[in-house]
Every structure is written in structure tokens, then in C-alpha cells.
Amino acid sequence: SQTIHQWPATLVQPVGSPLSLECTVEGTSNPNLYWYRQAAGRGLQLLFYSVGIGQISSEVPQNLSASRPQDRQFILSSKKLLLSDSGFYLCAWSVSGWNSPLHFGNGTRLTVT
Amino acid sequence: AQTVTQSQPEMSVQEAETVTLSCTYDTSESDYYLFWYKQPPSRQMILVIRQEAYKQQNATENRFSVNFQKAAKSFSLKISDSQLGDAAMYFCAYRSAIAGTASKLTFGTGTRLQVTL
């Protein structure tokens, strides 16, 4: 069966520090991968998605970037965190297909102080 | 761009009773998919049910069913025989069926469901 791992679960970082959140998927090949952010009291906002190695699509301009160095690895990064980067970050995967739902990881709670 | 609206920030239901969560969406597309996700206190997003827009029959998964009204662009979730474990945040989501797109979901802002004894 497929599993998705996301870490760390929680992170407290000072403003201006770098960020690296990692997500890996097991049990499937060539998944579509996604990073979502959930701000307090709001729904989920799609930040990035990837349909293959090295292929990254950005949905919103921001202080973050994403990379996919391996087929089942997706990394969310920032060179200098802002206070507004605080939130709950969720990684997800899906198979290619019109009716494919998203399968989410457990999320990372990021607090920028 | 598509939008998803959940007009009920919070709902409450007694155990064993039935509750309906509302969702409306705006789109110019004729083919799409709709989903309900549940986010319990653990924060993990769990797929509850999905509906293809081209299917007239409403989807059902055990105690969960939807009332899909395509003309009205409405997609409500009915939870029957509510259980304490149903307490969670519920998100409605929309996905375009345009070929070649990844599963980019547009989410509503969520409805927090409380289940009382």
C-alpha cells in the first residue's frame, strides 16, 4: 500500500532563517506531488505541484520554492522565512488520472517567530 | 477561476442524529469532480466521499452521502447516525476534469462539526 511521510511535524524558526520541509511517498511510482498551506481559520491553498522529476509548477507568488530531486521526494524550501510564512503545511500525492483524489501527509506546523 | 464556498463555519449535531453540511461552488466547466475531506484534531486530511459531475446518482459511502445539484452548483454532505468520531473540520473541494491537469483541488474554508452526547 502507498504511504506518505512528511517531516518534521512541528517547527519553530526565527525570521530570516532558511526552511526545508521534506515529503516522501512509498508504494507508487511517478506520483503527482503537491504542497498545500493551511492558514488559521482558512481553507487549503495550493502552493506547488509536480508531475515529474524536476517539474515544478507554482500556483502563487511567494517566499517559498519547491524541488523534486527524486521521483517520490518533494521538498519545500525558503532562503529567508517571513512571519507570514507561519502556517500548517501539507504534502499530498495523487496518481495521474481525472478522478484521482489527493492523499495527504500528516502536515507540518511551522511557526516563524 | 473556480471558487468553493462553505457558508457554515460551525455546526453541531447530537450523537445518532443526522446533519447536513453545505457547499456551493462556482465554475464555467461542465465536467469536474467534487470531494469532501475530513480533518480531525490530528490534522490529517482524510477523503470522505467524491462525486463525478457527469454522474446524476448521488455518491454514498456508508453513513456519508451527498446531495449533488449540478444546476444549482450545490454539493452538500449528509452524515447519518452521527458518531463522536465524526467531530472534525470538513472541507469541500473542486477539481477540474480538463485532461492533463494534475489533481489541483480548490478548497472551501471548512465547516467545524461538533458532535454532542
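For the structure itself, consult the block above.
Residues numbered from 1 in each chain as written. Chains lettered and ligands numbered in written order. Predicted model: local features only at pLDDT ≥ 70, side-chain atom pairs only at ≥ 80, totals over all residues. Heavy atoms only, no water.

### Observations regarding the overall build of chain B
A tally of regular secondary structure across chain B gives 0 helices and 12 strands. Element order for chain B, N to C, with α for helix and β for strand: β-β-β-β-β-β-β-β-β-β-β-β. Its C-alpha atoms give chain B a radius of gyration of 14 Å, near enough to 13 Å, the size a compact globule of 117 residues would have. By its C-alpha atoms, chain B is 45 × 30 × 25 Å across when sized along the principal axes. Here chain B has roughly 5700 Å² of accessible surface; of this, 45% comes from carbon and sulfur atoms. Each charge class in chain B was averaged separately, 11 positive and 10 negative side chains, and the resulting centres sit 6 Å apart. (Helix = DSSP H or I, 4+ residues; strand = E, 2+ residues; numbered from the N terminus. Rg over C-alpha atoms; globule rule 2.2 N^0.38 Å. Areas by Shrake-Rupley, 256 points an atom, 1.4 Å probe, with all protein chains shown as cover. Lys, Arg positive; Asp, Glu negative; His and termini not counted. Charge placed at Lys NZ, Arg CZ, Asp CG, Glu CD.)

### Digging into the overall build of chain A
Regarding its fold elements, chain A presents 0 helices and 11 strands. When the helices and strands of chain A are placed in sequence order, the string is β-β-β-β-β-β-β-β-β-β-β. Radius of gyration (C-alpha) of chain A: 13 Å, near the 13 Å computed for a compact globule of 113 residues. In terms of overall dimensions, chain A has a C-alpha envelope of 40 × 30 × 25 Å along the principal axes. Among the 113 residues that make up chain A, the fraction classed as buried is 47%. Looking at chain A alone, contacts between residues at least 24 apart form 54% of all its contacts between residues at least 6 apart. Of the roughly 5200 Å² that chain A leaves accessible, carbon and sulfur atoms contribute 52%. (Buried < 20%, exposed > 50% of the residue type's maximum accessible area, 1.4 Å probe, protein only. Contact = heavy atoms within 4.5 Å.)

### Regarding the interface of chain B and chain A
Note on interface size: it is often stated as the accessible area lost on association of the parts. If you look at the interface, chain B gives 22 residues, while chain A gives 24 residues. When the two sides are added together, the surface that chain B and chain A hide from each other amounts to roughly 2000 Å², 52% of it contributed by carbon and sulfur. Of all residues in chain B, Arg 43, Ser 103 and Lys 104 of chain B bury the most surface against chain A, accounting for 27% of the area lost on that side. Summed over the shared surface of chain B and chain A, the number is 1 salt bridge. One salt bridge in this structure joins Glu 59 of chain A and Lys 104 of chain B, with 3.8 Å as the shortest N-O distance. Of all elements in the fold, only β5 (32-39), β6 (46-52), β10 (88-96) and β11 (105-107) of chain B reach the threshold of two or more residues within the side of chain B that touches chain A. When residues in the side of chain B that touches chain A are grouped by element, the largest group, 4 residues, is from β5 of chain B. Class assignment for the residues of the side of chain B that touches chain A results in 11 nonpolar, 6 polar and 5 charged. (Buried area = accessible area lost by both parts, 1.4 Å probe. Salt bridge = Lys/Arg side-chain N within 4 Å of Asp/Glu carboxyl O. Nonpolar A, V, L, I, M, F, W, Y, C, P; charged D, E, K, R; others polar.)

### As for the side chain of Lys 38 of chain B
Mapping Lys 38 of chain B onto the fold places it in strand β5. Of the polar contacts made by the side chain of Lys 38 of chain B, one reaches the backbone oxygen of Gly 85 of chain B; its length is 2.8 Å. (Polar contact = N/O pair within 3.5 Å; in protein donor to acceptor, adjacent residues only side chain to side chain.)

None of the figures reported here should be taken as evidence of function without further support.
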